[in-house]
Every structure is written in C-alpha cells, then in structure tokens.
Amino acid sequence: MEGQTPGGGGLSEKPVPTAAGPGLSSLGAVFILLKSALGAGLLNFPWAFHKAGGVAPAFLMELVSLVFLISGLVVLGYAASVSGQATYQGVVGGLCGPAIGKLCEACFIVNLLMISVAFLRVVGDQLEKLWAFLLPGAAPAPPPWYTDQRFSLVLLCLLVILPLSAPREIGFQRHTSILGTLAACYLALVIVVQYYLRPQDLAREPRLVSSPSSWTSVFSVFPTICFGFQCHEAAVSIYCSMRRQSLGHWALVSVLSLLACCLVYSLTGVYGFLTFGTDVSADILMSYPGSDGVVIVARVLFAVSIVTAYPIVLFLGRSVMQDFWRQGCGGACGPWALAEPSGPWVRMPLTVLWVTVTLAMALFLPDLSKIIGIIGGISSFFIFIFPGLCLICAVSVEPIGPRVKCCLEAWGVVSVLVGTFIFGQSTVAAVMELL
C-alpha cells in the first residue's frame, strides 16, 4: 500500500500481499475486472428485460444494483487492506471467522465450477452453429464426425483453454482480457446496428411490453444481473496484483470498470429487446437467422470472449484448492507435502483436473439455461452478503469515528439483507422452473 489515508476518523489502509513481478497497471486492472464481468450474461440481458416487463423497469433495477455492485468492489479492496489477505476467501475467513470462511469457500467452488461449465456449454453451442454454417448439407445427412462437441470442444480445451489457464499469476490474462472485451463490445454493436438496419429477416414489427405482468416479475432481472456482473470473486486477487494499491485508486478502477460493463450490458439488453420484443430468446444470438454473416462473426468473437474469461474463473477456483492444499495436506500427502502449492507440481494437476471435470459436465449434463438462476443466486453471496459482512467486521476493529462507523455498519446490514432476498428469490424461482 502507498500509506494511510489522512485523518484519524477515515478508513485506514494496511499493506497487503502483492503478486510477484511488476504487478498490474491501472489499465490492465480495469480490463481484467471488466472482462471478469463480461461473459455469458451478455446473451441473457435482452431476455431479462422482457421478463422484467420492458426497458424502464429493467433499467431501473440495473441502476439500483449498480450502486451495490460498485460498493461491494470498494468494500472488498478495503477489507483486503484490513485483513492482509490476498484472496477473496482469505479476506472473508480472516475478518468474519472460520465458519463464514468455510461457507465462502464452499460457495466459491460451486459457483466457479458451474460458471466454468456454463462457459464451455455456450462455447460448444457456438461451435455447433459455426459448423452448421460452414458445412451446410441436406437435413437427413449426418454431420461430419469432427463437428461433434465431444471432439471439437475437447480439442479446444487442449489447444487453447488449458495453455491459457496454466500460468501462475492472473496478471498474464491482461492481454487476452483486452481481446475478450473487444469481442463482447462487438456483439453489443452488432445488436444495436441490426436494430437500426432491420434486415429482411427481421422486418416484422416486434411485440413489446411496457409494464411488468406483476410486481414480482420486476425482480426476475436480478439473477441475470448477478450472473452478468459477477466480477467480485476476482476483485481481491486483482487488487493485490496492482502496482498502485490505494483505496481511492481502487474505487476509481471499480467505477470505470462497472460503468463500462453497464454500458455494454444496457445496449445489448435494450436493443435486443426492442428488436425481438416478447419473442426474444434466452440466448439473444438464437433469435437471429443462422445465415447472417455479421451474426456469425459475432458468434465467433463471443466464443473468443468466453474462452478468454474461462482462465480467470479457473485461476480463482484453483486458488481455493491451493489453500486446501496448504491447510489440510500436511504429512498425509507423503512426498507431495513438500511441493509448493503454487508450483507446477501442484498447479498443473489442479488445472488439468478443473478443465477435465468441467468439460465432462458440459458434455454430458442437459441444457444449463434453467440453472442460470441458481448461479445468479449463489453470486449474490459474493456481490452483497460477504462484502456486507466483511464491512461490518472490518469497521469493528478499525479506528473509525462513531458516525462513520455507524453509517458503514448500516450499509453492511442493508447489503446483507438485499443479498439474502435476491438469493432466496432467485433460488426459489430456479427450483420451481426445474421442477
């Protein structure tokens, strides 16, 4: 850290562990944070706008959520400086106690695992559509063997995803994050341009809704927002990898990242919904004709965006398993107990295990669209509940003025309550759909 903030009544900052090497620049941190949020949720936003009852109520919910999203990122940076931990689960466990820490680790693993499966599933679907476009044929004829997901997706994991996931530090992803961010922005641009150009296949007038069907339908946009904006799991790792670590600077990085992310999501949601209305699909690209070359390019670039996001998710999940290795291995692992958790003898097997498990689940599990609500519900822990608890615990041990302390504790309680409501609403709705 660069020091302490002036004034005894403010928020003090303490040194936190920094990553080996030169560290992340501010621009690199913005791009990694932005890329962590820009993922499969981009495809769901037009459908979420439809479910919420139109542009106005959905956009209002997005703006309200944005306040908590930015607050959560800033709180996590502050909590990292107070606790001296370099991982999300370490910060939660250090401030809130071992029980809450174990709950965080469990939610962390389940959430990141399902996100990885969803990523691979989306990429596999895009590969199938791409092969269908490149190799058109008669309907009764079976497609070539190499177009099957069981071959193409496995090959993609071996040649692209695994090498991108192997490096030790998350800072390496700043290069691929720029490419993925540009790909996601291109998808939003295509949706906006297609709305104004109105190709012949999209010439019919969409049916729009101007109000929600019920007051509860407004909240149906929350799972998609949580699923789409979930960059908080990476926040602590990114913060601790930055060269310049100060709370004010981190707040600026958080605001810039989420505002840019909100712009991309809003353009995609608004114009995708206005283009198709109530007929919009949960995957916006499924609503467009498969022969449109511009949309085909968008499919390819969006697949690239997802492929570059997968290693960031894997890095976070691997960090939890490396913590388990440090804490629980001991002498039970024999000669493996001497291996450094971040070294290649531990890091590479964990990476291969993660890719193998998520690939198997993506190939053999049914359609994951109905599970997005559950993923969004679990994400509410990392966006609302855990940051709120960390804020409450952090201000209780810091020398802060009574008025500031009272306000921060109140905001922490509000964050926990809002997160609990979103988790309950999202999980119940998802389970009802599954049943």
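Conventions used here
- Residues numbered from 1 in each chain as written.
- Predicted model: local features only at pLDDT ≥ 70, side-chain atom pairs only at ≥ 80, totals over all residues.
- Heavy atoms only, no water.
- UniProt positions renumbered as here; feature names shortened; annotations may be inferred.
- Helix = DSSP H or I, 4+ residues; strand = E, 2+ residues; numbered from the N terminus.
- Buried < 20%, exposed > 50% of the residue type's maximum accessible area, 1.4 Å probe, protein only.
- Contact = heavy atoms within 4.5 Å.
- Areas by Shrake-Rupley, 256 points an atom, 1.4 Å probe, with all protein chains shown as cover.
- Axes fitted to C-alpha atoms, helices over the stretch in contact; angles between N-to-C directions.
- Parallel < 35°, antiparallel > 145°, perpendicular 65-115°, else oblique.
- Left-handed = near helix turned anticlockwise from the far one by under 90°.
- Nonpolar A, V, L, I, M, F, W, Y, C, P; charged D, E, K, R; others polar.
- Core = buried A, V, L, I, M, F, W, Y, C linked by side-chain atoms within 4.5 Å.
- Phe/Tyr/Trp six-rings, centres within 6.5 Å; stacked < 30°, edge-to-face > 60°.

- The protein chain is annotated in an unreviewed UniProt entry as Solute carrier family 38 member 8 of Moschus moschiferus.
- According to its UniProt record, the protein chain has this under Subcellular location (unreviewed entry): "Membrane".

**A word on the overall build of the protein chain**
- The helix and strand inventory of the protein chain stands at 14 helices and 0 strands.
- Residues counted as buried form 53% of the 435 residues belonging to the protein chain.
- Contacts in the protein chain between residues at least 24 apart in sequence constitute 84% of all its contacts with a sequence separation of at least 6.
- In the structure as shown, the protein chain presents an accessible area of about 18300 Å², 71% of it carried by carbon and sulfur atoms.

**Some points on the packing of helix α4 (residues 88–96) against helix α5 (residues 98–134)**
- Viewed as axis vectors pointing N to C, α4 and α5 meet at an angle of 160°, and their least axial separation amounts to 7 Å. When the axis of α4 is compared with that of α5, the two are roughly antiparallel. The hand of the α4/α5 crossing is right-handed. The residues of α5 that touch α4, namely those facing Y88, Q89, V92, G93 and C96, are P98, I100, G101, C104, E105 and F108.
- In the contact of α4 with α5, the residues fall into 7 nonpolar, 3 polar and 1 charged.

**Regarding the nonpolar core**
- In terms of nonpolar packing, the biggest core is built from 125 residues, with Y88, F229 and F382 touching the most fellow members.
- In this structure Y88 touches L76, C104, F108, H232, E233, V236, F381, F382, F386 and P387, once residues within four positions along its chain are discounted.

**Side note on the side chain of S266**
- For S266, the position within the fold is in helix α10 (residues 247–276).
- Beyond its immediate stretch of four places on either side in the chain, S266 contacts F59 and E62.

**Focus: the packing of helix α3 (residues 55–83) against α4**
- Interaxial distance between α3 and α4 falls to 9 Å at its minimum, and their mutual angle equals 65°. When you trace α3 past α4, the crossing you get is left-handed. Across the interface between the two elements, L76, A79, A80, V82 and S83 from α3 touch Y88, V91 and L95 from α4.
- A per-class count over the contact of α3 with α4 returns 7 nonpolar, 1 polar and no charged.

**Comments concerning the packing of aromatic side chains**
- Evaluated as defined, the whole model comprises 17 aromatic pairs.
- Ring plane angle 20° and centroid distance 4.5 Å describe the contact between F45 and Y265, whose orientation is recorded as stacked. Here Y265 lies in helix α10 and F45 lies in helix α2 (residues 41–52), a separation of 220 residues in the sequence.
- Given a relative accessible area of 0%, Y265 falls into the buried group.
- Here the aromatic rings of Y88 and F382 are separated by 5.4 Å at their centres, their planes lie at 70°, and the arrangement is edge-to-face. Placement of Y88 in helix α4 and of F382 in helix α13 (residues 372–397) is noted, with a sequence separation of 294 residues between them.
- Three or more aromatic residues joined by ring pairs form one cluster here, namely Y88, F108, F381, F382, F386 and F423.

**Examining the environment of Q126**
- Along the chain, Q126 turns up in helix α5.
- Taking the C-alpha atoms as reference, Q126 lies 10.0 Å from L301; in sequence the two are 175 residues apart.
- Each residue touching Q126, except ones within four places of it in the same chain, is listed here: D283, L285, R299 and A303.

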